[in-house]
Amino acid sequence: SGGARGMAGLGVPEPGTGPGPVPATRVELTVSCRQLLDRDTFSKSDPLCVLYTQRPGSHQWREFGRTEVIDNSLNPDFLRKFVLDYCFEERQNLRFDLYDVDSKSPDLSKHDFLGQAFCTLGEIVGSAGSRLEKPLTGILGKKCGTIILLAEELGNCRDVATLQFCANKLDKKDFFGKSDPFMVFYRSNEDGTFTICHKTEVVRNTLNPVWAAFAIPVRALCNGDHDRAIKVEVYDWDRDGSHDFIGEFTTSYRELARGQSHFNVYEVVNPRKKMKKKKYLNSGTVTLLSFAVEAEHTFLDYIRGGTQLNFTVAIDFTASNGNPSQPTSLHYLSPFQLNAYSLALRAVGDIIQDYDSDKMFPALGFGAKVPPDGHVSHEFPLNGDASNPACHGIAGVLEAYQHSLRRVQLYGPTNFAPVVNHVARSAAMVLDGSQYFVLLIITDGVISDMAQTKEAIVNAAKLPMSIIIVGVGQAEFDAMVELDGDDIRISSRGKVAERDIVQFVPFRDYMSGGPGAGLSMAGLAREVLAEIPDQLLSYMKARGIKPPPVPPMPPEPP
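Since the model is a prediction, treat every value here as computed from it, not as a measurement. (Residues numbered from 1 in each chain as written. Predicted model: local features only at pLDDT ≥ 70, side-chain atom pairs only at ≥ 80, totals over all residues. Heavy atoms only, no water.)

I'd like to hear about helix α9 (residues 417-427), residue by residue, with values.
Those residues of α9 that sit buried are A417, V419, V420, V423, A424 and A427. Each buried residue of α9 sits inside an arc of 170° when the element is viewed along its axis, so together they form one side. (Buried < 20%, exposed > 50% of the residue type's maximum accessible area, 1.4 Å probe, protein only. Helix = DSSP H or I, 4+ residues; strand = E, 2+ residues; numbered from the N terminus. Arc of directions from axis to C-beta.)

Here it is in structure tokens:
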């Protein structure tokens, strides 16, 4: 048993702290092809599809899996599917190779190559209905047909169970007064170890506690296996952290799902006491009072239903960045390598663009004197077009940024509120969940309008938007950490932000330079984007917006 002995050793966190990591979202890919090349003389090709993936930061392709072979078909719909872990915040590169299989040999060089396609998992998921069609390429001078990729989120990971328990006649552990009981839930792993997944609150001074109902993802409770053991330990809370073990019981999701019944009354047993005392029965009982389960909508439900992510970039053009013509400047445009602003923009933009169908990204600058009259602006368009500051693709944003550096004079102060309000005005016009706005601010971090920015963020927290701040350079970023609101939710004039919508990351933490630079940029993107799916969900939930049904497939031409 984990028991009292295990409380310190197991690293059981104090009641009220978070559970262990929950398994990632899993996505199932279905592959079809149309109009494949015919490589067989007397019959049609016998196609097979091979999927290759890359580890984050690596350029090496590794075989992930193969479909079955379909005989005599140029339009195969493969039955065998690929199941991948999906991470919004990573660029997950995929390569699909098609072969015409001529023998039983597993060696692909013995078969005829029919073409290949490259994409990211985000590109498939971000397409309408999570369905992506791409031309197959790779054979010079030939049309190789098309590949159709369909992504579906696997179902068992989305149910959320709501449970409530009470206990009766628990052992009295405190010398003065009664016990202060709480329960700790563990899911069992494949290898027989246990991972903590929930802790109830402490109910003070009672041997018959009724705990508050709590919601938990079913995958956190049993990782989708309804018969897997769930272990529950009951403790008496002590202020000094040396909580006393009262006893334990095991159950399973399948048993709990029967709801309130005589099946769901558990004897709480302390194995030590049981060994010592012949007449020992139990240390009390725990009863399940209620059980309910409902499907939790996921980030992918909204993306598949057509929610678009709108990505806006705002770049800090203040004088504290240093003179752009000097190599010491954060804005220095070297012919040999990208500067920190360009690197951060690429790292984040490359991933987000998969979820934005028009690939048009508004790009703004702040803190510079702009032509023709040299007035200081805190939201000027990098492309010079105030009526439409959108640039085509991340490449277009980079080009406009470099062009702006040559036209404007770096100045100050560093005001964030105007660009936050700029995006908030767009977000306020589409509150129905069809669009979600992400503002990336890249800055050297010395902010001048803290009070106005806080107010802008508190107002923006009601809107479908998130803000990512990447801090470049060596400044102290204390103000940015405060805006991030992970530890203390941000407030302005006594109003607290209703959601946490800001994520701050210091760029220097990822600046390894050298051969590992690609990996560190993947790390930067991961850190910066990790909170976006939950922030989008928190907006949808707060507004009661359900994901629209997936648009129907267009009929295939005969």
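Tell me about the sheet that holds strand β9 (residues 159-168), and please be specific about residues and values.
Spatially, four strands are ordered β12-β9-β16-β15 in an open sheet, and the strand pairing comes out antiparallel. Whereas interior strands pair on both sides, the edge strands pair on one side only; in this sheet they are β12 (214-217) and β15 (265-267). Across this sheet, the average inter-strand angle for adjacent strands is 35°, counted without regard to direction. (Pairing = 2+ DSSP bridges. Axes fitted to C-alpha atoms, helices over the stretch in contact; angles between N-to-C directions.)

Got a sec to walk through the pattern of salt bridges? Specific residues and values, please.
Pairing between side chains becomes possible if they bear opposite charge and their charged atoms approach one another. Across all of its chains, the model carries 18 salt bridges by this definition. Among the salt bridges present, the one from E90 reaches R526, with a minimum N-O distance of 3.6 Å. Of this pair, E90 sits in the loop between β4 (82-86) and β5 (93-100) while R526 sits in helix α12 (residues 517-529), and the two are 436 residues apart along the sequence. Among the salt bridges present, the one from E482 reaches K454, with a minimum N-O distance of 2.5 Å. (Salt bridge = Lys/Arg side-chain N within 4 Å of Asp/Glu carboxyl O.)

Kindly report on empty space enclosed by the protein, identifying the contributing residues and their values.
Empty space left among the atoms is revealed by rolling a probe the size of a water molecule over them. If you walk through the whole model with that rule in mind, you get one cavity of 30 Å³ or more. The computed volume of the largest cavity comes to approximately 60 Å³. Lining the largest cavity are 13 residues, with E90, R91, Q92, G122 and D354 positioned closest to its centre. For the lining of the largest cavity, the elements supplying multiple residues, two or more each, are α2 (121-126) and α7 (340-352). Here the residues of the lining of the largest cavity sort into six nonpolar, three polar and four charged. Two domains share the lining of the largest cavity, each providing at least three of its residues, namely domain 1 (25-154) and domain 3 (307-426 + 437-460 + 472-500 + 508-543). (1 Å grid on protein atoms, 1.4 Å probe; cavity = no way out; pocket = protein on both sides within 12 Å on 5 of 7 lines; lining within 4 Å. Points joined across faces, edges and corners; volume = space filled by probe spheres on them. Nonpolar A, V, L, I, M, F, W, Y, C, P; charged D, E, K, R; others polar. Domains from an automatic or database assignment.)

Run through the pairing of strand β16 (residues 285-295), naming residues and quoting values.
Across ten bridges, β9 lies against β16 in antiparallel orientation. Pairing of D159 across the sheet is with A295, part of β16. Judged from the three bridges that link them, β15 and β16 form a sheet pairing that is antiparallel. Residue pairing in the sheet places Y266 in a bridge with V286 of β16.

Give me the lowdown on the sheet that holds strand β11 (residues 194-199), citing residues and values where you can.
Two modes of strand pairing occur in sheets, parallel and antiparallel, and in both the strands are linked by backbone hydrogen bonds. A sheet is described by the order of its strands in space; here four strands give the open sequence β11-β10-β13-β14, paired in antiparallel fashion. At either end of the open sheet lies a strand with only one pairing partner, and these are β11 and β14 (244-252). Looking at each pair of strands side by side, their axes are set apart by 30° on average, direction ignored. Looking at chain direction, strand β10 (residues 181-188) and strand β13 (residues 229-236) are connected through seven bridges and run antiparallel. Looking across to β13, one finds that V184 is bridged to E233.

Any functional reading would require information that these geometric values do not contain.
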